[in-house]
Amino acid sequence: MTDAAELQRRTAELLAAHPPATTDRLDFLKARFDAGLSWVHYPEGLGGLDAPRSLQAVVDAELEAAGAPDNDPRRNGIGLGMAAPTILKYGTEEQKQRYLRPLWIGEEIWCQLFSEPGAGSDLAALGTRAVREGDYWIVNGQKVWTSGAHNARWAILIARTDPNVPKHAGITYFICDMTDPGVEVRPLRQITGEAEFNEVFLTDVRIPDSRRLGGIGDGWRVAQTTLNNERVAIGGMRVPREGGMIGPVAKTWRERPELRTHDLHQRLLTLWVEAEVARLTGERLRQQLVAGQPGPEGAGMKLAFARLNQEISGLEVELLGEEGLLYDDWTLRRPELVDFTGREAGYRYLRAKGNSIEGGTSEILLNIVAERVLGLPAEPRTDKDVAWKDLSR
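Parameters and conventions
Residues numbered from 1 in each chain as written. Predicted model: local features only at pLDDT ≥ 70, side-chain atom pairs only at ≥ 80, totals over all residues. Heavy atoms only, no water. Axes fitted to C-alpha atoms, helices over the stretch in contact; angles between N-to-C directions. Helix = DSSP H or I, 4+ residues; strand = E, 2+ residues; numbered from the N terminus. Parallel < 35°, antiparallel > 145°, perpendicular 65-115°, else oblique. Left-handed = near helix turned anticlockwise from the far one by under 90°. Contact = heavy atoms within 4.5 Å. Phe/Tyr/Trp six-rings, centres within 6.5 Å; stacked < 30°, edge-to-face > 60°. Lys NZ or Arg CZ within 6 Å of the ring centre and 35° of its normal. Salt bridge = Lys/Arg side-chain N within 4 Å of Asp/Glu carboxyl O. Buried < 20%, exposed > 50% of the residue type's maximum accessible area, 1.4 Å probe, protein only.

1. A few points about the packing of helix H2 (residues 25-34) against helix H5 (residues 93-105)
Where H2 meets H5, the axes come as close as 9 Å, and the angle between the chain directions of the two elements is 135°. Viewed along their axes, H2 and H5 adopt a mutual orientation that is oblique. Our pair here, H2 against H5, has a crossing hand that is right-handed. Of the residues in H5, those in contact with Leu26, Leu29, Lys30, Arg32, Phe33 and Asp34 of H2 are Leu100, Arg101, Trp104 and Ile105.

Structural data, given as C-alpha cells:
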C-alpha cells in the first residue's frame, strides 16, 4: 500500500526529472498526472495511485515547497469538483482515459448544463429533450445559469429521454461538446455588471451515444453524484484562518480604527466565530471524504457558506460607509473565474447575493438537510408517480 514515504519519494523523482524552474508549466502538469500525483486516490493511469485520499496533502506540500505550478483549480472548478468524480464513478474506461487528463491539466474547461428556465429548484422537471437516432442523440432545449460556458470545451448535460415515465426516471446524462453545431452561448449580465453566467441554447445538437454517462434513464442517479460533489466543492473549500470573506473585513477593522463602533464590533466578533466554525467543519467534512463519497453534509456546508458570505459582505459595506458604495467598473465582462477577495467591498456585497441560488437554492438545501441529515418527514410530493408529460407546467 502506498504510504507517505513512498509518495514523498515519487514526488522527489518528479521534481528531479522535471525541475519546475526550467520545465514548461503544462509539461510539468502532464508529468505529474502521469506519475499518479494529481489525485492520489484515483486509480493508476488516471492521475492516481489508489492511495488513501488523505495523502494528497503530502504531495501538495512537497510540490508547493519546491515552487511547482498548480493546475489553477479555480479556472476549472466544475470540471475538477463535479465532472471528474462523476466520470470516475460512471464513465467507461475509454471515457476516463479521454477526459480526465486534459481536465485535470486545465487544457479543457468544463461547464454544467443542468438548470433550465422552468427547472431550477425542481431540477427533475427539466424539459430539454434527447431523442435517439441510431448511434446519436438529438438534443433540443435551453439551459440557464451556466457558469463559464463561454470558456468551456465540454459540458455535463442532463436531458429527458423518456417523457412517458415519472420525471426522475426519464432523464439521461451526457457529455456535450460545446463546440458542436447547434450549441449557442449567450451572456447573462449580472448585478455585478459581469457575465460569468450564461444561457445555452441547444438546437438539434448531435451527441454520440459513446458520450453517455451511465444507463439510459439513469441520469438522475448519476446527477446525484455531481450535485453532492458540487455542494462540497462550493461549501467545503479549504481556506486558512481568516480566509475567504472574513479576511478583508478583519483587515479593515485592524487598520481603520476610526470606522469602529460598538455595534459593528459585536457583529464582527459573532461572524468571525461563525466563519471559523464553518472553516473547521469544512476540515472535518474533508476528513470524512477520505472514507468515501460525499454525503448530504455538503448541503449544510453550502448553506453556511451562502449565509455567511452575505452577512459578512453586508457588514463590510456598513463598516466602510460611503466607501463601501464605490464600484470600480460596470463594463460588461466575461471573466474566467470569480474572485471574491481580489475585488472591492461593493463587488463582494453584490456577488454574494448569488451564493444562495447557485449550486442549489438555500431553500432546497434546507429540505435536503431536514430530510437526509435530520431524518425529518419528507414533504408531500404529489407528482412522484405521474408521467412527466402529464405534469402541469
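2. Some details on the packing of aromatic side chains
What characterises a pair of aromatic rings is the spacing of the ring centres plus the angle enclosed by the ring planes. This structure, assessed with the given rule, holds 10 aromatic pairs. Here the aromatic cluster, defined as three or more aromatic residues joined through ring pairs, consists of Phe33, Trp39, Tyr42 and Trp104. Here the guanidinium or amino end of Arg186 rests over the ring plane of Phe201, the centre of that ring lying 4.0 Å away. The ring centre of Tyr347 lies 4.1 Å from the NZ or CZ of Arg343, which sits over that ring.

3. Digging into the pattern of salt bridges
In this structure the tally under the stated criterion is 38 salt bridges. Where Glu116 meets Lys143, a salt bridge forms, and the shortest distance between an N and an O atom there is 2.8 Å. Pair noted here: Glu116 is in the loop between strand E1 (110-113) and strand E2 (129-133) and Lys143 is in strand E3 (residues 136-143), with a separation of 27 residues, a long-range link. Of the two residues examined, Glu116 and Lys143, each falls in the buried class. Notably, a salt bridge pairs Arg256 with Glu258, separated by 2.6 Å at the nearest N-O pair.

4. Some details on unusual backbone geometry
Although it is not a glycine, Asp72 sits at a positive phi angle of roughly 50°. Position of Asp72 relative to the elements: it lies in the loop between helix H3 (56-65) and helix H4 (77-90). In this model, Asp204 sits at a positive phi of 50°, which is unusual for a non-glycine residue. Tracing the backbone shows Asp204 in strand E7 (residues 197-208).

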